[in-house]
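The lines below spell out each chain.
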Amino acid sequence: MAENVFPTKNNLINTKKSLSLAKVGYDLMDRKRNILVREVMELMDDAKEIQLEIGEKYNAAYSALQRAMIEMGDCDWAAQSIPVDDSVKISARSVMGVEIPTATSDDCELRLHYSFTNTCEYLDIAYERFNEVKRLTVKLAEVENSVCRLADAIKKTRKRTNALGNIMIPKFESTIKYISNALEEKEREEFSRLKVIKSSKEG
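For the structure given in this document, a descriptive report is provided here.

Basis of the calculations
- Residues numbered from 1 in each chain as written.
- Predicted model: local features only at pLDDT ≥ 70, side-chain atom pairs only at ≥ 80, totals over all residues.
- Heavy atoms only, no water.
- Phe/Tyr/Trp six-rings, centres within 6.5 Å; stacked < 30°, edge-to-face > 60°.
- Helix = DSSP H or I, 4+ residues; strand = E, 2+ residues; numbered from the N terminus.
- Buried < 20%, exposed > 50% of the residue type's maximum accessible area, 1.4 Å probe, protein only.
- Core = buried A, V, L, I, M, F, W, Y, C linked by side-chain atoms within 4.5 Å.
- Patch = residues over 30% accessible without salt bridge, like charges linked within 9 Å, V, L, I, M, F, W, Y side chains within 5 Å.
- Areas by Shrake-Rupley, 256 points an atom, 1.4 Å probe, with all protein chains shown as cover.
- Salt bridge = Lys/Arg side-chain N within 4 Å of Asp/Glu carboxyl O.
- Lys, Arg positive; Asp, Glu negative; His and termini not counted.
- Charge placed at Lys NZ, Arg CZ, Asp CG, Glu CD.
- Pairing = 2+ DSSP bridges.
- Contact = heavy atoms within 4.5 Å.

1. Description of the packing of aromatic side chains
Reasoning step 1: This structure, assessed with the given rule, holds 3 aromatic pairs.
Reasoning step 2: Judged by centre distance (6.3 Å) and plane angle (75°), the rings of Tyr58 and Phe130 are edge-to-face. In this pair, Tyr58 sits in helix α1 (residues 9-72) while Phe130 sits in helix α3 (residues 121-202), placing the two residues 72 residues apart along the sequence.
Reasoning step 3: Consider the rings of Tyr62 and Phe130, whose centres lie 5.2 Å apart with planes at 90°: the pair is edge-to-face. In this pair, Tyr62 sits in helix α1 while Phe130 sits in helix α3, placing the two residues 68 residues apart along the sequence.
Reasoning step 4: Under the relative-accessibility criterion, Tyr62 is labelled partly exposed at 46%.
Reasoning step 5: Take Phe130: its relative accessible area is 25%, and that puts it in the partly exposed class.

2. Re the nonpolar core
Reasoning step 1: Grouped together as the largest cluster of nonpolar side chains are 16 residues, with contacts concentrated most on Leu36, Ile50, Val98, Val143 and Leu150.
Reasoning step 2: Those elements giving two or more residues to this core turn out to be α1, β2 (98-104) and α3.
Reasoning step 3: Of all the elements, α3 adds the most residues to this core, at 7 residues.
Reasoning step 4: Listed in part, the 9 residues of the second largest apolar core include Leu12, Leu19, Ile169 and Leu183.

3. Considering a negative patch on the surface
Reasoning step 1: Together, Glu42, Asp45, Asp46, Glu49, Glu53 and Glu56 give the surface a local cluster of negative charge.
Reasoning step 2: Here Asp45 shows up in helix α1.

4. Considerations on the pattern of salt bridges
Reasoning step 1: For the coordinates displayed, the defined rule picks out 8 salt bridges.
Reasoning step 2: A salt bridge links Glu142 to Lys139; its shortest N-O distance comes to 3.3 Å. Separated by 3 residues within a single helix, Glu142 and Lys139 lie in helix α3, roughly one turn from each other.
Reasoning step 3: With a relative accessible area of 11%, Glu142 lands in the buried category.

5. Some words on the pairing of strand β1 (residues 89-95)
Reasoning step 1: With 7 bridges joining them, β1 and β2 adopt antiparallel strand pairing. Directly across from Ser91, in β2, lies its bridge partner Thr102.
Reasoning step 2: Once β1 ends, the chain turns through 2 residues before running back antiparallel as β2, passing Met96 with a positive phi of about 55°.

6. Notes on the side chain of Lys32
Reasoning step 1: Structurally, Lys32 can be placed in helix α1.
Reasoning step 2: Nearest to the buried, unbridged Lys32 among oppositely charged side chains is Asp152, at 10 Å.
Reasoning step 3: Setting aside residues up to four positions removed in sequence, Lys32 forms contacts with Met96 and Thr157.

Everything listed here is a matter of geometry and, on its own, says nothing about what the molecule does.
See the structure below:
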């Protein structure tokens, strides 16, 4: 590959500049990858904690719902009185140029939308616990989506880092060595030629 480059001082200077830029790029890509990996590890820890908490809340919610159904019988009419929640808002933040989502839902005071007639406290507890599950599910969705996006960015960054470290940088170093050797050889030939000319003139 290096042999296809004409060995001139100008090409040597340009190749050295390209090598310098490639090394800077490699360092930046490597740093970006490390930061993204650290971010993913932190998010994965968060996801584990949220999943455990969701499991606990779900168990408590279903336990309360079962008690409510034992006391009340059918709870469908109470469930149908609760309006659809459209308070979830999605925005984004940037981590090393990677857009990851931020999901929020209105933390307004929890209101009971069904009548207290023919209901019991276990239905209220179930409603409160399921509301907590909803809040945690929004957070978990944000974290898991962020992990997926960051993992994809890490994969792309690793490919670019490997391309620079294993292909581009060795290629530029090989080209610099080839041009330098060719120029040195040319200088030696020129020196020998001048020496011969000088000797012939003196003779």
